[in-house]
Amino acid sequence: MNKLAFIFLVVLVAWGCKDPEPAKPAEQEYQPTPVTLDLPYLFPKMVIPADNPLTEEGIALGRKLFYEPMLSGNGTQSCADCHMQNSSFTDPARFSIGIDGLSGKRNAMPVINVGWMDKLFWDGRANGVEDQATFPVVDPLEMHADWDQVVEKLKAIPSYQELFRKAFKTSGITKDRTVKAIAQFERTMVSYNSKTDKVAVIGGGVFYSDLEQEGFDLFNSERGDCFHCHSGILFTDNLFHNNGLDETHDGDKGLFRVTNNPADIGKFKTPTLRNIEFTAPYMHDGRFATLDEVLEFYATGVKVSSTLDPLMGHQGGIDMTPHEREAVKAYLLTLSDTTFLNNPDFFDPD
Amino acid sequence: MLKFPLKSGLLFLFVALLWQGCGDKDPKPADVQIDFKTYVKSDEAVQNELIYHTAVGHYYSLLNLRYYLTHISLVKDDGTVVELKKAHLRDIHVPATKTIEAADVAAGHYTAMTFTFGIKKAENIVTFLDNTLANQNMYWPEQLGPGKFHYMKLEGQYYCGNDTCTVNNYAFHLGPTFGADYSFDVSQPIDLTIDGEKKFLEIRMDIDQWFHDPNDYDFDGWGPGIMNKPAAQEIARANGHNVFSAVVD
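Read on for a plain summary of the structure.

Parameters and conventions
Residues numbered from 1 in each chain as written. Chains lettered and ligands numbered in written order. Predicted model: local features only at pLDDT ≥ 70, side-chain atom pairs only at ≥ 80, totals over all residues. Heavy atoms only, no water. Buried < 20%, exposed > 50% of the residue type's maximum accessible area, 1.4 Å probe, protein only. Helix = DSSP H or I, 4+ residues; strand = E, 2+ residues; numbered from the N terminus. Arc of directions from axis to C-beta. Contact = heavy atoms within 4.5 Å. Polar contact = N/O pair within 3.5 Å; in protein donor to acceptor, adjacent residues only side chain to side chain. Buried area = accessible area lost by both parts, 1.4 Å probe. Salt bridge = Lys/Arg side-chain N within 4 Å of Asp/Glu carboxyl O. Core = buried A, V, L, I, M, F, W, Y, C linked by side-chain atoms within 4.5 Å. Disulfide = S-S within 2.5 Å.

**Quick notes on helix 5 (residues 147-155) of chain A**
Residues and elements named next belong to chain A.
Next up, step 1: Listed as buried for helix 5 are Trp147, Val150, Val151 and Leu154. Viewed along the axis of helix 5, the buried residues span an arc of 95°, placing them on a single side of the element. What points out from helix 5, more than 90 degrees from its buried face, is the exposed set Asp148 and Gln149.
Next up, step 2: Of the surrounding secondary structure, the elements contacted by the buried residues of helix 5 are helix 2 (56-66), helix 4 (129-138), helix 6 (158-168) and helix 7 (175-187).
Next up, step 3: Capping the start of helix 5 is the job of one residue whose side-chain oxygen sits 2.8 Å from the backbone nitrogen of Asp148: Asp146.

And the structure:
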């Protein structure tokens with residue numbers, strides 16, 4: 001009898017410890033549809049922040065915001081004005097022009113495969129894709145707006161309230177949710193349909209031409225050495241290097257502006273080479289108009305300075321013959337992915 | 001409130017006490033933390049200063065260092081091997097790679113720490129490591145032989161120490177050159193007893209040891225890149241014998 005009472009007691013106590021029933025979801029709450037990116041197996045795992053999972057509704061809202069001129073001070077400029085799809089989401093102009101007619105000293109970067117980046121901009125000043133999207137809106141050289149005003153403008157539009165409610169289970173529009181939605185859209189902007197991707201499929205029946213193969217071999221050799229920085233399937237290590245463009249760095253000091261470490265003077269983020277055919281002009285300041293100029297630089301123009309990357313051991317350049325430059329260029333062009341440029345999922349939704 | 005039956009209460013207390021008492025007799029497993037440290041001779045290495053010298057007379061600096069240790073294990077006095085981590089990529093620029101922790105390592109007396117520097121030939125395939133950006137950045141191109149990952153990328157600058165030369169770069173990249181296996185096993189004696197209390201160990205790499213004993217390494221002679229130079233890989237492998245040490249804190 002006593003034993004029974006004991007068991008009864010234990011059960012009662014355990015029952016009491018149980019968490020209270022979870023609160024019932026509010027009647028109006030909308031459940032956004034989760035999305036998993038279906039990427040080829042060679043692509044590394046994309047780390048998606050736990051507080052911003054991909055959903056169909058979030059991506060759709062982000063896409064709308066990416067094309068939304070209301071994010072700028074005078075309502076005339078959207079992200080897409082400097083990040084154009086037919087240029088692999090960069091700007092064909094050397095220096096983009098902001099709403100006040102001003103321009104900076106840096107070439108716009110392609111918005112492509114940014115989901116793998118934890119440091120963004122040429123100097124790495126943004127930490128992650130969400131953080132990055134906060135910058136252009138307020139940058140006086142770009143959209144020159146005020147986040148509070150942008151949020152107020154969006155709030156005044158019922159359709160946005162509805163889109164935010166579907167994406168974030170609340171019609172509350174905030175700066176935080178705005179950049180989260182943009183980041184979701186950007187994570188879907190993956191290019192994986194180039195010739196190189198097809199060659200990588202074993203048994204896929206797609207092969208490089210002799211010239212492309214020669215370029216591929218040089219790109220991946222100790223002499224060419226491109227692969228050490230433009231590495232892996234993303235064709236960037238997403239790290240910062242001084243590749244020898246300049247002897248002195250009195251102007252743009254790159255990563256140093258963020259870290260204040262003298263060892264970082266003249267270091268810039270390695271750009272991806274995917275869709276390089278469409279992202280001219282090249283380098284952080286857009287100094288080269290063509291790929292031929294870029295290869296000319298790597299062949300003969302590498303400048304020594306105290307922070308020149310150790311991987312640019314070949315001082316002065318790697319002395320590629322004109323034929324070898326053609327070969328490397330042919331290989332770089334196998335990274336072109338026109339399905340990315342024409343993907344209707346990335347079009348202006350309106 | 002129900003009244004707690006006295007008899008059952010006593011029984012419960014008794015069992016609980018017994019439980020507690022039992023535990024004390026057997027040695028208990030414990031967590032083990034390993035710190036990866038970089039030395040040059042007897043001091044921890046500093047970055048970006050041309051202050052170290054090689055046997056052939058070059059001054060050199062350390063800028064970047066990334067390397068794999070695989071099958072990091074502890075060996076008990078009875079020969080049992082306990083693997084703590086299959087593969088670890090240490091990058092001196094990524095603080096999170098400085099430490100690893102193994103939970104609930106079996107109790108006992110351990111007399112050695114063992115690991116492989118680099119990745120053994122049979123394992124050096126794409127599926128051996130997680131498909132992360134950090135691992136992709138260690139890819140070894142197929143043109144330089146089968147084998148998917150570098151073992152190590154050690155980079156910096158060097159010069160002759162006077163005005164007769166300029167500062168140059170070196171890239172001491174080790175890996176499976178042309179398909180050969182230049183990885184090597186390391187076994188370091190330790191005296192470590194695990195019994196319930198968290199233990200701390202260090203694995204130290206002495207960079208200086210890569211460049212001499214038995215072979216003096218000449219940055220000028222080998223040039224900026226050695227991934228395509230089997231003889232240089234061989235030298236590094238031979239010099240590697242006393243690069244690593246294990247220390248119980």
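**A word on the interface of chain B and chain A**
Next up, step 1: Of the residues lining the interface, 35 residues belong to chain B; the matching set on chain A comes to 34 residues.
Next up, step 2: Contact with chain A buries surface across chain B, with Leu133(B), Gln143(B) and Asn169(B) losing the most and accounting together for 21% of the total.
Next up, step 3: If you look at where chain B meets chain A, you find 0 salt bridges.
Next up, step 4: The interface formed by chain B and chain A holds 16 residue pairs in polar contact (both at pLDDT 80 or more) in total.
Next up, step 5: Listed by contribution, the elements that provide at least two residues to the side of chain B that touches chain A are helix 1 (6-23), strand 5 (64-76), helix 2 (133-136), strand 9 (152-159) and strand 10 (168-174) of chain B.
Next up, step 6: Per element, the largest residue contribution to the side of chain B that touches chain A is 5 residues, and it comes from strand 10 of chain B.

**Let's talk about the nonpolar core**
Next up, step 1: Within the largest apolar cluster, 52 residues are counted, with the highest numbers of intra-cluster contacts made by Met152(B), Phe172(B), Trp210(B) and Phe244(B).
Next up, step 2: Residue contacts for Met152(B): discarding those within four places in its chain leaves Leu65(B), Arg66(B), Tyr67(B), Phe117(B), Met138(B), Phe172(B), His173(B), Leu174(B), Met205(B) and Trp210(B).

**Quick notes on helix 11 (residues 291-300) of chain A**
Next up, step 1: Listed in full, the buried residues belonging to helix 11 of chain A are Leu291(A), Val294(A), Leu295(A), Phe297(A), Tyr298(A) and Ala299(A).
Next up, step 2: Buried residues belonging to helix 11 of chain A abut helix 12 (322-332) of chain A.

**Digging into the state of the cysteines**
Next up, step 1: In total, this model carries 1 disulfide over all chains according to the counting rule given.
Next up, step 2: A disulfide bridge connects Cys160(B) with Cys165(B), and the sulfur atoms are separated by 1.9 Å. Torsion about the S-S bond of the Cys160(B) and Cys165(B) cystine: about -105°, corresponding to left-handed handedness.
Next up, step 3: You can call Cys160(B) partly exposed: its relative accessible area is 25%.
Next up, step 4: Since its relative accessible area comes to 27%, Cys165(B) is described here as partly exposed.
Next up, step 5: Summary of cysteine pairing: Cys229(A) is not part of a disulfide, and the nearest cysteine sulfur, belonging to Cys226(A), is at 9.0 Å.
Next up, step 6: Overall, the relative accessible area of 11% leaves Cys229(A) in the buried class.

In short, shape yes, function no, at least from these values alone.
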